[in-house]
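Topology and contacts: notes
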Amino acid sequence: MFEKALVGSKRYWTWVIVLLAVIGIGFITYLQQFKLGLGITGLSRDVSWGLYIGQFTFLVGVAASAVMLVIPYYLHDFKKFGKIVILGEFLAVSAVTMCILFIFVDMGQPMRIMNVILHPTPNSIMFWDSVVLGGYLGLNIIIGWATLHADKKGTRPAAWVKPLIYLSIPWAISIHTVTAFLYAGLPGRHFWLSAIMAARFLASAFAGGPALLIILALIVRKFTKFDPGKEAIQAIGKIVTYAMIANVFFLLLEIFTAAYSSIPGHTHPFKYLYFGLEGHARLVPLMWASSILAIVSIVLLVFPSIRKNESMLALACIALFVSLWIDKGFGLIIGGFVPNMFEKVTEYWPTLPETIITISVWAVGFLILTILYKVAVSVREETAGIELEH
Amino acid sequence: MYDTGKIIFGIVIFVLFATFPFYSNIGKVSAKPEPKLDTPVIQQLAEKKCVESKEFMKVEHMQLLNEWRDSAIREGRRVYINSEGKEFKISLQNTCMNCHSNKKEFCDKCHNYAAVKPYCWTCHIEPKEKQL
Amino acid sequence: MSMDRREFLKIAGSSTFLATIGIGAGWILSRPGEFLEASQFLQTKELLKAKQWAMVVDMRKLKTEEDYKKVIDACHRIHNVPNFDNPKDEVKWIWLDTFEHAFPGQESEFMPEQMKHKPFVLLCNHCENPPCVRVCPTKATFKRKDGITMQDLHRCIGCRYCMAACPFGARSFNYRDPRPAIKEPNPEYPTRMIGVVEKCTFCEERLAKGQMPACVEASNGALVFGDISDPNSEVRKILNTNYTIRRKAELGTRPVVYYILDIPTSVVPGGEGNV
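Not measured: the values here are computed from a predicted model.

Looking now at the interface of chain C and chain A. The interface is formed by 48 residues belonging to chain C together with 41 residues belonging to chain A. Looking only at chain C, the three residues that lose the most surface to chain A are Ile157, Tyr161 and Tyr175 of chain C, adding up to 19% of its buried area. For the pair chain C and chain A, the number of links is 2 salt bridges. Among the salt bridges present, the one from aspartate 97 of chain C reaches lysine 344 of chain A, with a minimum N-O distance of 2.8 Å. Here chain C and chain A share 32 residue pairs in polar contact (both at pLDDT 80 or more) between them. Contributions of two or more residues to the side of chain C that touches chain A are made by strand E3 (94-97), helix H5 (131-135), helix H6 (161-165) and strand E7 (172-173) of chain C. Here the side of chain C that touches chain A is composed, by residue class, of 27 nonpolar, 8 polar and 13 charged.

What follows is the structure, encoded as structure tokens:
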């Protein structure tokens, strides 16, 4: 099936070459970082995780969100997701790959990455995170490929695929739970030390990931003959709405606990993020932008009449995605480090090389996504009209 | 056969690529490395012998160093009793390099020849060598 | 025997896969464990032993700037700790900070001026229940039998999870090559490399030689080092007769660096007796 990615329109190849060029620039920049160390990033002794780990965290959510299509389709036999579920699975493959790359570029000694496997350490959450992420990547590649292959031949997927699909459901939940546990179990990081962290992570994931999927589905429909289905998109829109409301609700719970208890350790990070602390307010505009975009997206989504208009839905999804990207891909990580362990404020802002590397990792993700979607769409274009039945 | 031209072209490129190390080194003679042992400390030794036999050290010094490293750092055991019962302090910088104070003529000779780059020296400080 | 292409590829593929795993496993298992039967690894005879090393910092005995400088220099010089002169890339094993930063939440507006401004000596707390060890994905940082929280810089992958986990800000990451920032390298001790996390080791290399940690030796009695599990040790005697505090003890990491506060004697009647 892979041969389908090797033939395409001029537009397809232009896009692929643009992505390759961005990846190339990023790779050269990474070589610089590899040689000189992470000193070329904005990271410091006080803020020791930043953009890279933020992207990792955010993308684990995107990866986990595939489950929001798998559950209705495979558990509730919601037929309308038949055509779009593959897009979710392939999005997960691309997102997990980006996660692994972001961890890799964040490492001080990347050549020693195998130490995690050579010296397995079950008491480390990071060990479990690498286990569940690797497993999830494998599951989605196998499931996506097997179901697509069956579609191509107009048959049902082999019997062994079903158990894997069921396994992928709790597995998706686990990847984001474990990622939340990376943060939620650290003494002294009050901003992260919260039992609702995993729930909030999942809620934001089930809003942000499907929102991205809606955008992608609309793009696919615009540029190819493959139509994921109007009703399917609307159904995902509902999922996004509920999940986003849950996410904002959870955030407000956190804010209540911090604000009403007034315990300095709990309030300071929120103060820093939304109002600034001791004269440092670098993240304030970003965090308010995130809040406003969140409200805008909820208003647009919550009224069925607006949501049914696809351009409004797309707009809402973009607003929501950007809002969550700021909140989770940036604020959540930096907030954990400011103020530092001495109640002092050290600010963080990514440098140019750091930003270039980050963009190019996204480009790798988009390239993988493009290729996988090209294959899926080509197969679907061929079998258009044939009713699918898994 | 389809695409004969493309396939042959591909094979030629592959062969050129795979044999690069051979033709790029044609005509260059690399002498067999002979690490030097003539440091002042070694010359003063009554019995010129390393922590283990020469044959063993030649083949296994990297494993021995790994064992030394794990023993000293992870288990806090900093004394090595060799197969003859002799005692040595476990330390790359203070034991090995005390005798082999000529890193360039000793370590680097073989490592360069074999094109291996052990990363010992990014942390461990190499002995100051007298300019010859 | 006939075989279609698909079948052939299946068999070829799976046997290659199995062979790779087999060779890999064989290689790992066959790596020499103790390859010289007769050789042995022992502790040094001089090694100072303990169940849990601990430290008491007697703030009353640290008086002049010189007293502090001697303590910090002693450590940073022998351990080749680089000096970058910027807080972003900073590496430090032992350093100074005021009461409100060392003990956040404990400070009060009205505490004696002397306590408010006097710098505290801070270092790794060698916690009995260390979060850094708990989170490390490679066991690069680990707890030694004598209670020292040690790290194996050959194994550290530089993920910096330990820096996020340490509530005491005791860990430094090598954001840049440390070599150019070391003025006079100590040839007997290694430096570090780009991309690993480092911190105080309670001078385990000196304990192996029967010596006290460098900071203790340079402190003129202000820093006291000993086995906290031994009721007859000096640290235990001091803890039994003085009021001491620890940084963020409420987090349950059980730090073993104790501080005797320098409270003006007029505040505590009989406080003089402790000096």
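A word on the sheet that holds strand E2 (residues 87-89) of chain B. Backbone hydrogen bonds hold the strands of a sheet together, and the pairing may be parallel or antiparallel. Spatially, 3 strands are ordered E2(B)-E1(B)-E1(C) in an open sheet, and the strand pairing comes out antiparallel. Lying at the two open borders of the sheet, with one neighbouring strand each, are E2 of chain B together with strand E1 (40-42) of chain C. Direction aside, the axes of adjacent strands within the sheet are offset by 30 degrees on average. Strand direction decides the pairing type here: strand E1 (residues 79-81) of chain B and E1 of chain C, joined by 3 bridges, are antiparallel. Of the residues in E1 of chain C, the one forming a bridge with valine 79 of chain B is leucine 42 of chain C. Helix H4 (residues 54-74) of chain B rests against E1 and E2 of chain B together with E1 of chain C of the sheet, and its axis sits at about 25 degrees to E1 of chain C.

What follows is about a nonpolar patch on the surface. Residues and elements named next belong to chain B. A cluster of nonpolar side chains, namely Ile8, Val12, Leu16, Phe20, Tyr23 and Ile26, defines an oily patch on the protein surface of about 610 Å² accessible area. At the level of secondary structure, the elements contributing two or more residues to the nonpolar patch comprise helix H1 (4-18) and helix H2 (20-24). Of all the elements, H1 adds the most residues to the nonpolar patch, at 3 residues.

This brings us to the pattern of salt bridges. Evaluated as defined, the whole model comprises 34 salt bridges over all chains. For arginine 144 of chain C, the salt bridge goes to glutamate 204 of chain C, with nearest N and O atoms at 3.0 Å. Taken together, the residues arginine 144 of chain C in the loop between strand E5 (141-143) and strand E6 (149-151) and glutamate 204 of chain C in helix H7 (residues 204-207) connect sequence positions 60 residues apart. A cluster of three or more residues bridged by salt bridges with shared partners is formed by Arg221, Asp227, Lys230 and Glu310 of chain A.

Reading guide: rules and limits
Residues numbered from 1 in each chain as written. Chains lettered and ligands numbered in written order. Predicted model: local features only at pLDDT ≥ 70, side-chain atom pairs only at ≥ 80, totals over all residues. Heavy atoms only, no water. Contact = heavy atoms within 4.5 Å. Buried area = accessible area lost by both parts, 1.4 Å probe. Salt bridge = Lys/Arg side-chain N within 4 Å of Asp/Glu carboxyl O. Polar contact = N/O pair within 3.5 Å; in protein donor to acceptor, adjacent residues only side chain to side chain. Helix = DSSP H or I, 4+ residues; strand = E, 2+ residues; numbered from the N terminus. Nonpolar A, V, L, I, M, F, W, Y, C, P; charged D, E, K, R; others polar. Pairing = 2+ DSSP bridges. Axes fitted to C-alpha atoms, helices over the stretch in contact; angles between N-to-C directions. Patch = residues over 30% accessible without salt bridge, like charges linked within 9 Å, V, L, I, M, F, W, Y side chains within 5 Å. Areas by Shrake-Rupley, 256 points an atom, 1.4 Å probe, with all protein chains shown as cover.

Spatial relationships are all this shows, so hold off on functional conclusions.
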